[in-house]
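# Observations on the model geometry
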Amino acid sequence: MNEKDLVTRALATALNGQLALEEIKNLLENPKSAVHGDVAFPAFFLAKILRKAPNIIASELAAKITADDFEKIEVVGPYINFFMNKKKVSAKVLQQILSQGTHFGDFNEGDGRNIVIDMSSPNIAKPFSIGHLRSTVIGDALANIFAKLDYNPVRINHLGDWGKQFGMLITAYKKWGKKEAVKAHPIDELLKLYVRINAEAKVNPTLDEEAREWFLKLERGDQETYKLWQWFRDESLIEFNRLYKQLDVSFDSINGEAFYNDKMAEVVDILESKGLLKVSKGATIVDLEKYDLNPALIKKADGATLYITRDLAAALFRKRKYDFAKCVYVVGQEQASHFKQLKAVLKEMGYSWADDVYHVPFGLVTKDGKKLSTRKGNVILLEATLHEADKRALKQIDEKKTNLSNKEQVAHAVGTGAVKFFDLKTDRMNGYDFNLEAMVSFEGETGPYVQYTHARSMSILRKADFKVESLATYALKDAESWEIIKLLQAFPQIVQRSADRFEPSIIAKYTLQLSQSFNKYYAHVRILDENEEKSARLTLVYAVATVLKEALRILGVDAPDEM
Ligand code: ARG
């Protein structure tokens, strides 16, 4: 029970059924200033029902409340202000964290059911973009969040490894490609070929025709073409895997679009048998007018399949294989209509589980205020950038002159963690400007700031030779610790809310708040002073360290004990 529940219960008893529990709870407010207590009830909402002045109602109600959950209850005009019993609440929260450790905030909503998370999903033979980085980092955090709710996350990298662009690429390689060059710098070289063929196709349409033919050959399983495709794919994956290793993210499946090549015929058959297909200008479509959407293009006039055809096959395959409770696509906002169409077609096919399909979009990243564009050369080279982040973190660690034995490892946790954290603290629908300097700083709303707070609390515990077992008292009643206690108590709801909204930023912002409160505490309170509350204070420090570390783990950010 949190404080609002306790107040609700007390008010319900005093009101004797005149308002339902839910109604009372919805009226409760969190006062902005601590002088007005922890929870406030505005009594003027009852004036109509009870036909009395609000301040009289407030006084009468307050007089009826007897509960040792509260330190005091004050009436100020039409408001009843509740001050929680700090000793009782702090003892309860700290004991809970001590006994549950990193399991504090776990729920069993998922009951072990699968949640499929379609994440990262870069395109073969093209650079891994910052959008793919966002998808990777947000997707991984969501997987961890849902795991905490007892779902079993299935991380799927739906590689963009199929489609007419591979026809383009193969055409270009046949014309101008050099094996050695591709071997040396696969993505650079393949991208050059791709850019060149697209430019030349604008003036020479026969190239387009050639590309279409190559792709059809590929779709029909022509051996030579397939081998070439396989090679491009393998080389690209080697590069992507280096990045995944840097980011410490792994997948349960890397079945991308190509995997569905032999699974699309079934989808087309089902659509056909349900009478959903129409022919329009030679192409096969599903009309989605009643959803106010453009038609879903299932097959082109030449029989070639499309992105959405593969996504339909993938959705069916995933439902069969994983019987998911939810299937989540972490993909940029610019693909919103694609996913609306996907969901609508699944609905038209009569699958009730279409309601369990969610597009989790995110906003664009800019660099120096400008949109990124591979063609205009305004790009972020992610691998180099993450190395640079680690390097800058190392420099800051060196400046502190600590004698860390594992400082390279710590620098990686801080540097790469900083880039991840910066992304995750942003409301996902908002974009942000990519600024490495700001990300890696130890000050401000950054990952390193939170990591540093965690390391500071660990260092206090080391100094005090703190042991979990050796504690006797937990209760704290001072105003300084109270702010922290309230934040700690809120952690489970924070986790729940971030899952409900598919929003890791709620957790990231929470770690910043908890860090700020803790650092204020550290500046004002002599934690290690010998008196009867010392062990309770140390327990508080331990609880902060535990929750910060767990929250960062959920975000995919490591929290070193020393830095
Ligand atoms: N490869 C696509 C892109 O880079 C993203 C794929 C997202 N996942 C999906 N199932 N459509 O734009």
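Rules of the game
Residues numbered from 1 in each chain as written. Predicted model: local features only at pLDDT ≥ 70, side-chain atom pairs only at ≥ 80, totals over all residues. Heavy atoms only, no water. Helix = DSSP H or I, 4+ residues; strand = E, 2+ residues; numbered from the N terminus. Buried < 20%, exposed > 50% of the residue type's maximum accessible area, 1.4 Å probe, protein only. Contact = heavy atoms within 4.5 Å. Expected span 1.5 Å × (residues − 1). Salt bridge = Lys/Arg side-chain N within 4 Å of Asp/Glu carboxyl O. Pairing = 2+ DSSP bridges. Near = heavy atom within 4 Å. Polar contact = N/O pair within 3.5 Å; in protein donor to acceptor, adjacent residues only side chain to side chain. Areas by Shrake-Rupley, 256 points an atom, 1.4 Å probe, with all protein chains shown as cover. Nonpolar A, V, L, I, M, F, W, Y, C, P; charged D, E, K, R; others polar. 1 Å grid on protein atoms, 1.4 Å probe; cavity = no way out; pocket = protein on both sides within 12 Å on 5 of 7 lines; lining within 4 Å. Points joined across faces, edges and corners; volume = space filled by probe spheres on them. Phe/Tyr/Trp six-rings, centres within 6.5 Å; stacked < 30°, edge-to-face > 60°. Lys NZ or Arg CZ within 6 Å of the ring centre and 35° of its normal. Axes fitted to C-alpha atoms, helices over the stretch in contact; angles between N-to-C directions. Parallel < 35°, antiparallel > 145°, perpendicular 65-115°, else oblique.

### A closer look at the overall build of the chain
On a plain count of helices and strands, the chain comes out with 21 helices and 13 strands. The buried share among the 563 residues of the chain stands at 53%. A sequence separation of at least 24 residues applies to 73% of the contacts in the chain between residues at least 6 apart.

### Looking at the environment of T539
Along the polypeptide, T539 turns up in helix α21 (residues 534-554). Note on T539: relative accessible area 0%, which makes it buried.

### Re helix α9 (residues 186-203)
Between its terminal C-alpha atoms α9 stretches 27 Å, which fits the 26 Å expected from 18 residues at 1.5 Å a residue. Within α9, burial applies to P186, I187, E189, L190, L191, L193, Y194, I197 and A201. Its buried side turned inward, α9 meets α7 (164-176), α8 (179-184), α10 (206-219) and α11 (223-247).

### As for the pattern of salt bridges
Tallying each qualifying case throughout the model produces 42 salt bridges. What emerges from the salt-bridge pattern is a single network uniting R9, D68, D69 and K88.

### A few points about the sheet that holds strand β11 (residues 365-367)
With mixed pairing, the three strands of this open sheet are ordered in space as β12-β11-β13. Of all strands in the sheet, those with a lone pairing partner are β12 (370-371) and β13 (432-433), marking the two edges. Here β11 runs beside β13; their pairing, made up of two bridges, is parallel. Bridge pairing in β13 places T366 opposite D433.

### Observations concerning the pairing of strand β9 (residues 326-330)
With five of five residues buried, β9 is to be regarded as a mostly interior element. One ladder, built from four bridges, connects strand β4 (residues 114-118) with β9; its direction is parallel. Bridge pairing links I117 to V328 in β9. Of the pairings in the sheet, the one linking β9 to strand β10 (residues 357-360) comprises four bridges and is parallel in character. Directly across from V328, in β10, lies its bridge partner Y358.

### Topic: the site of the ligand
Contacts to the ligand come from D118, S121, N123, H132, H158, Y307, D311, Y329, V331, Q335 and F339. Within the contact set of the ligand, a nitrogen atom lies 2.7 Å away from a side-chain nitrogen or oxygen of N123. One of the side-chain nitrogen or oxygen atoms of Y307 is found 2.8 Å away from a nitrogen atom of the ligand. Protein contact buries 90% of the 350 Å² of open area that the ligand shows by itself. Partitioning the shell around the ligand into residue classes produces four nonpolar, five polar and two charged.

### So, empty space enclosed by the protein
With the rule as written, the count across this model stands at one cavity of 30 Å³ or more. In this structure, the largest cavity spans a volume of roughly 60 Å³. Around the largest cavity, the lining residues are N123, I124, A125, K126, G160, Q165, F166, L169 and Y194. Top element by residues in the lining of the largest cavity is α7. It accounts for three residues. Looking at the lining of the largest cavity residue by residue, the classes come out as five nonpolar, three polar and one charged.

### Here we look at the environment of L394
Along the chain, the position of L394 falls in helix α15 (residues 382-399). For L394 and A34, which are 360 residues apart along the polypeptide, the C-alpha to C-alpha distance reads 41 Å. Those residues in contact with L394 that sit more than four places away from it in its chain are K407, E408 and A411.

### As for the environment of L540
Tracing the chain through its elements places L540 in helix α21. The spatial distance from the C-alpha of L540 to the C-alpha of I485 is 7.9 Å, given a sequence separation of 55 residues. The contact partners of L540, leaving out residues within four places of it in the chain, are L94, L476, S481, I484, I485, L488 and Y521.

### With respect to the layout of surface pockets
What the second largest pocket holds in volume is close to 1,100 Å³. Elements supplying a minimum of two residues to the lining of the second largest pocket: α1 (3-15), β3 (79-84), α19 (479-500) and α20 (505-524). With 11 residues, the top contributor of residues to the lining of the second largest pocket is α19. For the lining of the second largest pocket, a count of residues per class yields 13 nonpolar, 10 polar and 13 charged.

### What about the packing of aromatic side chains?
Applying the stated criterion to the full structure yields 27 aromatic pairs. Taken together, the aromatic side chains of F128, F240, Y244 and F251 make up a single cluster linked through ring pairs. Geometry around F324 places K319 over its ring, the cationic atom sitting 4.7 Å from the centre. If you follow R456 out to its NZ or CZ, it ends over the ring of Y522, 4.2 Å from the centre.

### Topic: the side chain of R233
Position of R233 relative to the elements: it lies in helix α11. On the basis of relative accessibility, which here comes to 13%, the residue R233 falls in the buried class. With near-sequence residues (within four places) excluded, R233 lies in contact with I124, L159, D161, I254 and G256.

### A closer look at the packing of α10 against α11
Following both chains from N to C, one finds α10 and α11 inclined at 95°, their axes separated by 8 Å at the closest point. In terms of axis orientation, α10 runs roughly perpendicular to α11. Taken together, the residues of α11 that come into contact with α10 (itself represented by W214, K217 and L218) are T225, Y226 and W229. When the residues that make up the contact of α10 with α11 are grouped by side-chain class, the tally is four nonpolar, one polar and one charged.

### Let's talk about the sheet that holds strand β7 (residues 283-286)
Spatially, β6-β7-β8 is the arrangement adopted by the three strands of the open sheet, whose pairing is antiparallel. Each edge of the open sheet carries a strand with a single partner, namely β6 (277-280) and β8 (296-299). On average, each strand axis in the sheet is tilted by 45° relative to the strand beside it, whichever way the strands run. Of the strand pairs in this sheet, β7 and β8 are connected by three bridges, and their pairing is antiparallel. Residue pairing for β8: I285 is matched across the bridge by L297.

Interpretation note: all reported values are geometric properties and have no functional meaning in isolation.
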